[in-house]
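Observations on chain architecture
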Amino acid sequence: VNHIVHNGGLYKRPFNEAFEETPMLVAVLTYVGYGVLTLFGYLRDFMRQWKIEKCQNATEREEQKDFVPLYQDFENFYNRNLYMRIRDSWNRPICSVPGARVDMMERVSHDYNWTFTYTGRVIKDIINMGSYNYLGFAQNAGVCQEAAAKVLSQYGAGVCSTRQEMGNLDKHEELEKLVARFLGVESAMAYGMGFATNSMNIPALVGKGCLILSDELNHASLVLGARLSGATIRIFKHNNMQSLEKLLKDAIVHGQPRTRRPWKKILILVEGIYSMEGSIVRLPEVIALKKKYKTYLYLDEAHSIGALGPSGRGVVDYFGLNPEDVDVMMGTFTKSFGAAGGYIGGKKELIDYLRTYSHSAVYATSMSPPVMEQIITSIKCIMGEDGTTVGRARVQQLAENTRYFRRRLKEMGFIIYGNEDSPVVPLMLYMPAKIGAFGREMLKRNIGVVVVGFPATPIIESRARFCLSAAHTKEMLDTALKEVNEVGDLLQLKYSRHRLVPLLDRPFDETTYEETED
């Protein structure tokens, strides 16, 4: 299904997203593949029970058999019999900066992936297509590294206290003022962990008697935060504004269950870029609905801040919207800024409230000074306050790389999900055997990719996920594309029935924004 929206009232630029339907034969063969694996799993469990095959998974000792089970045997069936077959595709240890190229420690397994041993060999110069290093700030040389090293020698590595006690440094104040200015909001607050920024702040904003409307593909941190809040949760279809509006109408007409009283608050939870789908939120439409029905909007910009928009200010900048229309602007420093932690931005009253009532503000240790300096230096670089145009050039380079890489993959015949401007590029694999095979074949060719399967995706929608970076050169992308094309032919992954015609006369250095104006 292709979505092409160019509504003059809401959208100031074309909005192109593609989610090609799974071919029927591929879907059937995928289900058959999982069925065969499940049958063999039951057979192997039977053999383990009768000691024909050695049992390697965690089980209770004989003397504990009458206890309440500590390990849920059936719940671990998938891990034991399906995941274990392709476990070598995950948790691969790297031993270098996660930049455009990485070094990886070689490991082997002699018991079918139950345990791994390291050979001592290091695989050098693997092209890194898996890290969220969107703007290339994950580096061990340059201005950011030098600034962080200087702060490390002055402040040390840790703070050893919370913000409300002895852990509030001048660097914290500087960072929060800079983030607020970068986002275009009144105030901001920084946290030491991106996941906790969502999971600990949502319960501070809503509670019993409130309603949360959450996108079905929201990140686990948003889901956990919503559950911890005690609020009623209703799910709308991914990026589907008709589904969201129907829930809003029902919530306002019917109110709370049983009592029919109005909801205390209605909070819409969405993400900027969805990290498994590569799609971008339809923010102009979400804001229009928010205003129409007088609700609140919580926007998670973990993957979009720095990676979208002409000036790298995220999905609000990408659509040319007013930051004041988003009530709670959340994001992380772990992707585009090459650091750690998260932030929340909004009105001063909101931030002052969270300083007092947010668990992650009151109980968590303050951010590390060198990490803060990495963020401060990278944001100033993006804003051009370092006196250079390096930051703007990186944002533009990422946009070019994204368009180029997506277009080339589609021309080859792969099914690619998501928005044409999203640096997260899911390539559909579908069948369980092809998950491990794709990861292994790419690593043989010195390309590091992330492969994803159930339960992180629907069971028949396994995929490989490429994350593009401004640090990738055209030569690196062409090398990766050549190898992907070769592996695609080897594993028969070119499922698309809507191939693009190659645009041979199109120069590489056209930016996303110039193309839109054309």
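In this text, all values refer to a predicted model and were calculated from it rather than measured experimentally.

Quick look at the packing of aromatic side chains
When we look at a pair of aromatic rings, we describe it by the centre distance and by the angle of the planes. Applying the stated rule across the entire model yields 17 aromatic pairs. Between the aromatic rings of Tyr78 and Phe454, the centroid separation amounts to 5.4 Å while the plane-to-plane angle is 75°, which identifies the pairing as edge-to-face. Pair noted here: Tyr78 is in helix α2 (residues 77-81) and Phe454 is in the loop between β15 (450-452) and β16 (462-467), with a separation of 376 residues, a long-range link. Between the aromatic rings of Phe405 and Phe466, the centroid separation amounts to 5.4 Å while the plane-to-plane angle is 65°, which identifies the pairing as edge-to-face. Taken together, the residues span a long stretch of sequence, with Phe405 in helix α13 (residues 390-412) and Phe466 in strand β16 at a distance of 61 residues.

Some thoughts on unusual backbone geometry
With an omega dihedral of 10°, the bond running from Phe454 to Pro455 counts as a cis peptide bond. Along the chain, Pro455 falls in the loop between β15 and β16. At Asn91, a position not held by glycine, the phi torsion is positive, near 60°. Position of Asn91 among the secondary structure elements: in the loop between α2 and β3 (101-108). On the basis of relative accessibility, which here comes to 59%, the residue Asn91 falls in the exposed class. For Arg260, which is not a glycine, the phi torsion comes out positive at approximately 65°. Assignment of secondary structure puts Arg260 in the loop between α7 (241-254) and β8 (266-271). Residue class for Arg260 comes out exposed when judged on its relative accessible area of 53%.

Considerations on the pattern of salt bridges
Tallying each qualifying case throughout the model produces 34 salt bridges. Its salt-bridge partner being Asp45, residue Arg80 comes within 2.7 Å of it at the nearest N-O pair. With a gap of 35 residues between them, Arg80 in helix α2 and Asp45 in helix α1 (residues 24-49) connect regions that are remote in the sequence. With a relative accessible area of 6%, Arg80 lands in the buried category. Each of the salt bridges in this network shares a partner with another, and the network as a whole consists of Glu441, Lys444, Arg445, Lys482, Glu483 and Glu486.

Points about the domain arrangement of the chain
What the domain assignment lists for the chain is domain 1 (19-128 + 390-496) and domain 2 (143-383). On a C-alpha basis, the centroid separation for the pair domain 1 and domain 2 is 29 Å. Contacts between the two partners involve 20 residues from domain 1 and, on the opposite side, 18 residues from domain 2. For the salt bridge of Glu277 with Arg463, the shortest nitrogen-to-oxygen distance reads 3.0 Å. Between the two partners, domain 1 and domain 2, sit 9 residue pairs in polar contact (both at pLDDT 80 or more). Of all the secondary-structure elements, those providing two or more residues to the side of domain 1 that touches domain 2 are α13, β12 (418-419), β13 (424-430) and β16. Of all the elements, α13 adds the most residues to the side of domain 1 that touches domain 2, at 6 residues. Here the residues of the side of domain 1 that touches domain 2 are counted per class, giving 10 nonpolar, 5 polar and 5 charged.

Conventions we followed
- Sequence order sets the numbering: in each chain, residues are counted from 1 along the sequence as written.
- In keeping with the predicted nature of the model, local features appear solely for residues at pLDDT of at least 70, side-chain atom pairs appear and are counted solely at 80 or more, and the whole-chain, interface and lining totals rest on all residues.
- To obtain the side-chain values, all non-hydrogen atoms of the structure were included, while hydrogens and water were left out.
- Stacked, tilted and edge-to-face are the three classes assigned to paired rings of Phe, Tyr and Trp, where Trp is represented by its six-membered ring and a pair needs centres within 6.5 Å; plane angles under 30 degrees give stacked, over 60 edge-to-face, the rest tilted.
- Helix and strand assignments follow DSSP, with helices taken as H or I runs no shorter than four residues and strands as E runs no shorter than two, numbered in order from the N terminus.
- Relative accessibility decides the category of a residue: with a 1.4 Å probe and only protein chains considered, values under 20% of the type maximum give buried, values over 50% give exposed, and everything between is partly exposed.
- One side-chain nitrogen of Lys or Arg within 4 Å of one carboxyl oxygen of Asp or Glu is enough to make a salt bridge.
- Source of the domain bounds: an automatic or database domain assignment.
- Residue contacts are defined here by distance: any two heavy atoms, one from each residue, within 4.5 Å place the two residues in contact.
- The definition of a polar contact used here is a pair of N or O atoms within 3.5 Å, where within protein one atom must be able to donate a hydrogen and the other to accept one, and adjacent residues in sequence count solely through side-chain atom pairs.
- When residues are sorted by character, Ala, Val, Leu, Ile, Met, Phe, Trp, Tyr, Cys and Pro go into the nonpolar class, Asp, Glu, Lys and Arg into the charged class, and all the rest, Gly among them, into the polar class.

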